[in-house]
Number of protein chains: 2
Amino acid sequence: MIGRMASDLDTAAETRLRREGQRYTRGRRALVATLSTAATPLAIGELTAEVPQSSAYRNLAVLEQAGVVRRVITDGDSARFELAEDLTGHHHHLICSSCGRVQDVEVPPSLERDIDRALDRLARKAAFASVHHRLDLIGTCRDCAAAGR
Amino acid sequence: MIGRMASDLDTAAETRLRREGQRYTRGRRALVATLSTAATPLAIGELTAEVPQSSAYRNLAVLEQAGVVRRVITDGDSARFELAEDLTGHHHHLICSSCGRVQDVEVPPSLERDIDRALDRLARKAAFASVHHRLDLIGTCRDCAAAGR
DNA sequence: CTTCCTGCAAAAGTTTTGCATTAAC
DNA sequence: GTTAATGCAAAACTTTTGCAGGAAG
């Protein structure tokens, strides 16, 4: 999954959009391209070089609906976005509660399995149809720690 | 931890506020009391019966700073708040991506231990000073599933 | 009494929406 | 050519801030 070539990514994105009756337009291509080169989830402000703000919001909503993009919830003020996990690989986040920086990390497959098993059990008990889990670390990043924040 | 008596909770809250040079006022007591009776994290709108909106935001920020309250990040539009975990016990959330409802759940202690161990290792590698983790299930709650959402 | 908190109203910031124009198919 | 997406500007909403009056210590 990781390292997927740009053309593969475009094909996948286009397929998913078409399934929803949506077009894979220039602006949407630009958003997907930018997200695919980013090592961390991007805030709206980091995507408005490509596309005006209102179009960014609208297109990210469409891309999320089509399963191409995922909205990441952080402690910061504005939303962040990344490519869907089945396009980039399942991962987690180190979220700096001081500066809002988000860094991707992966955890050992054996732990993922244990987590999934335990959560499936919980979800079943609560009659909750689980779609996915979210496991993040909240703390202080290297830079903020060095700056005494 | 769970089932902590109201007076214990008040004492703990007051101690933590005092440590920050803050007072435990009527409005802050009301917020803590309301949060302590809630089974799920509450949105600002659910706290404005007690206290005007601007005071709610200000006081929740103070209470968070003092370690009495925790801001919970959900997929919804507005922030939600709950009592700090060391006052109520460590737990996780079932978040309904359709209606925004949040339900508390606990996972087996053995899994918590495994998660903590693995995350400590990751954090150390990334020079990230971890404070706590956040593990949530995103999916569809019983009611939304029944309603076909 | 002095300091900090409150509550109103206004401001700042984020996200959504209406509408005429432009691009996609 | 027809339908849907774009980009601007305005609106809606969430959160923060200024300040006069009131409560806490």
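Summarised in this report is the structure supplied together with it. Position labels on residues start from 1 in each chain and follow its written sequence. Chain A is the first chain written and ligand 1 is the first ligand written, with later ones labelled in order. Only residues with pLDDT of at least 70 get local features here, since the model is predicted, and only at 80 or more are side-chain atom pairs given and counted; chain-wide, interface and lining totals rely on the full set of residues. Hydrogens are left out, water is left out, and the side-chain values use all remaining heavy atoms of the structure.

### Quick look at the packing of helix H2 (residues 26-37) of chain A against helix H3 (residues 53-65) of chain A
Residue and element names in this part refer to chain A. Lines are fitted to the C-alpha atoms to define the axes, a helix being fitted only along its stretch in contact, and any angle between axes, read from their N-to-C directions, falls within 0 to 180 degrees. A helix here means a DSSP run of H or I that spans at least four residues, while a strand means a run of E at least two residues long, and both kinds are numbered starting from the N terminus. At a minimum axis distance of 10 Å, the contact between H2 and H3 shows a crossing angle of 75 degrees. In terms of orientation, H2 lies roughly perpendicular with respect to H3. Touching Arg 28, Leu 31, Val 32 and Leu 35 of H2 are Ala 56, Asn 59, Leu 60, Val 62 and Leu 63, all from H3. Side-chain classes are defined by residue name, with Ala, Val, Leu, Ile, Met, Phe, Trp, Tyr, Cys and Pro counting as nonpolar, Asp, Glu, Lys and Arg as charged, and the others, Gly among them, as polar. Classifying every residue of the contact of H2 with H3 by side-chain character gives seven nonpolar, one polar and one charged. Any angle between 65 and 115 degrees counts as roughly perpendicular, while under 35 counts as roughly parallel, over 145 as roughly antiparallel, and the rest as oblique. Every residue pair with non-hydrogen atoms within 4.5 Å of one another is taken to be in contact.

### As for the side chain of B:His92
All names here are of chain B. Mapped onto the secondary structure, His 92 falls in strand S4 (residues 92-96). At 3.3 Å, the side chain of His 92 forms a polar contact with the side chain of His 90. Residues within four places of His 92 in sequence aside, it is in contact with Gln 103, Asp 104, Val 105, Val 107, Glu 112, His 133, Leu 135 and Asp 136. Pairing of N or O atoms within 3.5 Å defines a polar contact, subject to two protein rules: one partner must be a possible hydrogen donor and the other a possible acceptor, and residues neighboring in sequence count only if both atoms are side-chain atoms.

### Side note on the relation of the copies chain A and chain B
Only residues with pLDDT of at least 70 in both copies count here: their C-alpha atoms drive the least-squares fit that superposes the copies. Placing chain A over chain B gives an RMSD of 0.1 Å and needs a rotation angle of 180 degrees, together with 0.0 Å of translation along the axis. Taken together, the rotation angle and the small translation identify this as a two-fold axis. Judged by C-alpha distance, A:Leu135 is the residue of chain A that lies nearest the rotation axis, at 2.1 Å. Here 100% of the contact residues of chain A are again contact residues in chain B; the copies associate through an equivalent surface.

### Some remarks on the sheet that holds strand S6 (residues 129-140) of chain A
Strand order in this open sheet of six strands is S5(A)-S4(A)-S6(A)-S6(B)-S4(B)-S5(B), and the pairing throughout is mixed. Looking at strand neighbours, the two that pair on one side only are strand S5 (102-105) of chain A together with strand S5 (102-105) of chain B, the edges of this open sheet. Direction aside, the axes of adjacent strands within the sheet are offset by 30 degrees on average. Pairing between S4(B) and strand S6 (residues 129-140) of chain B: four bridges, direction parallel. Within the sheet, the bridge partner assigned to B:Cys96 lies in S6(B) and is B:Gly139. Pairs of strands are assigned from DSSP output, requiring at least two bridges between the strands.

### What to know about the pairing of S4(B)
Residue and element names in this part refer to chain B. Under the scheme applied here, a residue whose accessible area is under 20% of the maximum for its type counts as buried, over 50% as exposed, and between as partly exposed, the area being computed with a 1.4 Å probe on protein chains only. Counting buried residues along S4, five of its five residues qualify, which places the element largely inside the surrounding structure. Of the two faces of S4, the one holding His 92, Leu 94 and Cys 96 and the one holding His 93 and Ile 95 are both buried throughout. With four bridges connecting them, S4 and S5 associate as antiparallel partners. By the bridge assignment, His 93 is partnered in S5 with Asp 104. Connecting S4 to the antiparallel partner S5 that follows it, the hairpin turn spans five residues, and Gly 100 within it adopts a positive phi of roughly 85 degrees.

### Considerations on the nonpolar core
The criterion is simple. A nonpolar core is a set of buried Ala, Val, Leu, Ile, Met, Phe, Trp, Tyr and Cys residues joined through side-chain atoms within 4.5 Å. Ranked by size, the top nonpolar core spans 32 residues in total, and within it A:Ile115, A:Leu119, A:Phe128, B:Ile115, B:Leu119 and B:Phe128 carry the most contacts. Looking at this core, the elements with two or more residues in it are strand S4 (92-96), helix H5 (109-125) and S6 of chain A together with S4, helix H5 (109-125) and S6 of chain B. Once you skip the residues sitting within four places of it in the chain, A:Phe128 turns out to touch A:Ala123, B:Leu94, B:Ile95, B:Cys96, B:Leu137, B:Ile138, B:Gly139, B:Thr140 and B:Cys141. In terms of nonpolar packing, the next biggest core, distinct from the first, is built from 24 residues, B:Ala56, B:Val62, B:Leu63 and B:Ala84 among them.

### Thoughts on the protein's contact with DNA strand C
Near DNA strand C lie 18 residues; those nearest to it are A:Tyr57, B:Gln22, B:Thr25, B:Arg58 and B:Asn59. Restricting the count to atoms of DNA strand C within 4 Å of the protein gives a sugar and phosphate share of 63%. Interatomic distance of 3.1 Å between a side-chain N/O atom of B:Ser54 and a base nitrogen of DNA strand C. Residue B:Asn59 places a side-chain N or O atom 2.8 Å away from a phosphate oxygen belonging to DNA strand C. Looking at the surface near DNA strand C, the elements with two or more residues in it are H3 of chain A together with helix H2 (26-37) and helix H3 (53-65) of chain B. When grouped by side-chain class, the residues that make up the surface near DNA strand C number three nonpolar, nine polar and six charged. Working definition: residue near molecule or strand if any one of its non-hydrogen atoms lies within 4 Å of it.

### Re the protein's contact with DNA strand D
By nearness alone, 18 residues border DNA strand D, and A:Gln22, A:Thr25, A:Arg58, A:Asn59 and B:Tyr57 come closest of all. Across the atoms of DNA strand D situated within 4 Å of the protein, the share located in sugar and phosphate is 63%. Residue A:Gln22 places a side-chain N or O atom 2.4 Å away from a phosphate oxygen belonging to DNA strand D. Among the elements of the structure, H3 of chain A together with H3 of chain B are those that each provide at least two residues to the surface near DNA strand D. Broken down by class, the residue content of the surface near DNA strand D amounts to three nonpolar, eight polar and seven charged.

Geometric values such as these leave the question of function open.
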